[in-house]
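So the chains spell out like this:
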Amino acid sequence: MSDALFSSLVAAPADPILGVTQRYRQDPRPQKVNLGVGAYMTDEGVTPVLDVVKEAETALAEACIPHSYLPISGLDGYGAHVQQMVFGADSEIVLSGRAATIQTLGGTGALKVGMDFMFHICGERVASTSLPTWGNHNAILGMAGYEIKPYRYYDAATNSLNFEAMVEDLKALPAKTLVVLHSCCHNPTGYDLTEEQWKVVIEICQKGGLTPFLDMAYQGFRDGLDEDAASIRMFAASGMSFLVATSFSKSFNLYNERIGALTVVCQSKAEADVVMTQLKAVVRCNYSNPPAHGAYIVERVLSDPQKYAHWKEELGGMRERIRSMRKALADEMARLGAKRDFSFVTRQAGMFSFTGLTPEQVEKLAADYGIYAVKNGRICICGLNTRNVQYVAKSIAEVL
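Definitions and cut-offs
Residues numbered from 1 in each chain as written. Predicted model: local features only at pLDDT ≥ 70, side-chain atom pairs only at ≥ 80, totals over all residues. Heavy atoms only, no water. Core = buried A, V, L, I, M, F, W, Y, C linked by side-chain atoms within 4.5 Å. Buried < 20%, exposed > 50% of the residue type's maximum accessible area, 1.4 Å probe, protein only. Helix = DSSP H or I, 4+ residues; strand = E, 2+ residues; numbered from the N terminus. Contact = heavy atoms within 4.5 Å. Salt bridge = Lys/Arg side-chain N within 4 Å of Asp/Glu carboxyl O. Axes fitted to C-alpha atoms, helices over the stretch in contact; angles between N-to-C directions. Parallel < 35°, antiparallel > 145°, perpendicular 65-115°, else oblique. Left-handed = near helix turned anticlockwise from the far one by under 90°. Patch = residues over 30% accessible without salt bridge, like charges linked within 9 Å, V, L, I, M, F, W, Y side chains within 5 Å. Areas by Shrake-Rupley, 256 points an atom, 1.4 Å probe, with all protein chains shown as cover. Phe/Tyr/Trp six-rings, centres within 6.5 Å; stacked < 30°, edge-to-face > 60°. Lys NZ or Arg CZ within 6 Å of the ring centre and 35° of its normal.

Trainee: Even after reading the chapter, I still don't get the nonpolar core, so can you show me in this structure?
Mentor: The biggest cluster of nonpolar side chains holds 101 residues, and the ones touching the most others in it are Phe87, Val201, Phe252 and Trp311. With eight residues, helix H13 (residues 305-336) is the largest single contributor of residues to this core. In contact with Val201, other than residues within four places in its own chain, are Phe163, Met166, Leu170, Leu181, Leu193 and Phe235.

What follows is the structure, encoded as structure tokens:
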């Protein structure tokens, strides 16, 4: 007897980002460039192992720690150190204990647990994300069951932030909407809000009864660890309850260790204690316990002032390389006399740039020049280096 259980299924579309890398790998041309990958790379085109990570892994190997289960909430002490990094060691939130932090499977896992918690436990049914946003935001929200109401963010005509439209859309959202906000290094556009604009957003959330969920995937990649947490600390000072997703994939180059955190800021320690029990319940029925290796590395660095300072230096080096590649691309486009002014690239921040390239132009770059980018025109600046930036600029100029 034939089993027709799955016969009506159709293949899911390829991930728009991971699919770019697959095409790149299959391209036999020696002069090819992958600008779709969402990972930091050195000028040599490799993802480095940081010194602080090497030291931690050596120490862990020598310690030969048993591979037993971690607690559902993660490694002991991990959450406290994450809170100090995100909010500041002297933050009222940290000192009062009114936040619940759990270790998660990367930043994606933090988003998943937080979104499930707000939907299934807190009863929120509507969510709002920027237009555009990181594609997985809407995928996770949709899988959880949310109705998604995007808020406008990017103006394609001017290749800039459209804050007036963002404000208009946020004000129109119903109360108890989960609003996903990029705390810094907006993915995919690279455009961030100013301090004054964040103040407006916070006021809208307060007056409208909205629930902010700040996605912090790139802390340290704009201006520095403390500087990049400014928006989160502004929400903390407002007295609101909100959520924060933290990722160490980029800042530690620990992509395959899936190490992140979810923090839920509450009104009191008693409330945070109750929230922690519910977060554990969500985790238990998903993956039960988080992995240990990446957590040991991160906790070791965050808990040691000397190692923490060294990590900040290494993170600063990555940040400066990205900035230098932004400038190099903009300068080369100007030297070539390209049809468009690419100086906007230097006003964006983080690993990504929204170039304004059309899907047709992106496809022409891939087909004719072996340069691969995401269909919406997003490129990863880390894919540029001193050997290929001139070729990339010349190719982009030719498809404009």
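Trainee: When you look at the pattern of salt bridges in this model, what are you seeing that I'm missing?
Mentor: Where side chains of opposite charge bring their charged atoms close, a pairing between them can arise. Counting across every chain of the model gives 24 salt bridges. Glu92 is paired through a salt bridge with Arg98; the nearest N and O atoms lie 3.0 Å apart. According to the relative accessible area criterion, Glu92 is partly exposed, its value standing at 44%. For Asp226, the salt bridge is made with Arg233, and the minimal N-O distance between the two is 3.1 Å. Connected through shared salt-bridge partners, Asp192, Arg222, Asp223, Glu320 and Arg323 make up one network.

Trainee: Got a minute to help me understand the packing of H13 against helix H15 (residues 389-399) in this structure?
Mentor: The description of two helices packed together rests on the angle between their axes and the distance between the axes. In the contact formed by H13 and H15, the axes pass within 9 Å of each other and the chain directions differ by 50°. It follows from the interaxial angle that H13 and H15 lie oblique. Relative to H15, the crossing made by H13 is right-handed. Listed contacts from H15 to Ala328, Leu329, Glu332, Met333 and Leu336 of H13 are Val389, Gln390, Ala393, Lys394, Ile396 and Ala397.

Trainee: Please explain a nonpolar patch on the surface as it appears in this structure.
Mentor: A cluster of nonpolar side chains, contributed by Leu5, Phe6 and Leu9, occupies part of the molecular surface with about 380 Å² of accessible area. By the secondary structure assignment, Phe6 is in the segment before helix H1 (18-26). Of the residues examined, Phe6 reaches a relative accessible area of 59% and is grouped as exposed.

Trainee: Any chance you could explain the side chain of Thr246 here in plain terms?
Mentor: As for its placement among the helices and strands, Thr246 is situated in strand S11 (residues 242-247). The exposure class of Thr246 is buried, given its relative accessible area of 2%. Excluding residues that lie within four positions of it along the chain, Thr246 makes contacts with Val82, Met85, Val86, Gly106, Gly107, Ala110, Met216, Gly260 and Ala261.

Trainee: Help me understand the packing of aromatic side chains in this model?
Mentor: We describe a pair of aromatic rings using the distance from one ring centre to the other and the angle between the two ring planes. As enumerated under the stated definition, the model contains 12 aromatic pairs in all. A centroid spacing of 4.8 Å and a plane angle of 85° characterise the contact between Tyr154 and Phe354, whose relative ring orientation is edge-to-face. One end of the pair, Tyr154, is in strand S7 (residues 154-155); the other, Phe354, is in strand S13 (residues 352-354), and 200 residues separate them in sequence. Each of the two residues, Tyr154 as well as Phe354, counts as buried. Ring geometry for Trp198 versus Phe235: centroids 6.0 Å apart, planes at 75°, classification edge-to-face. Taken together, the residues Trp198 in helix H8 (residues 195-208) and Phe235 in helix H10 (residues 230-238) connect sequence positions 37 residues apart. Given a relative accessible area of 0%, Phe235 falls into the buried group. By way of ring pairs, the aromatic residues Tyr78, Phe248, Phe252, Tyr308 and Trp311 are connected into one cluster. In this arrangement the basic side chain of Lys32 is found over the ring face of Tyr24, its NZ or CZ atom lying 4.6 Å from the centre. Above the plane of the ring of Phe119 lies Arg125, whose end atom (NZ or CZ) is 4.0 Å from the centre.

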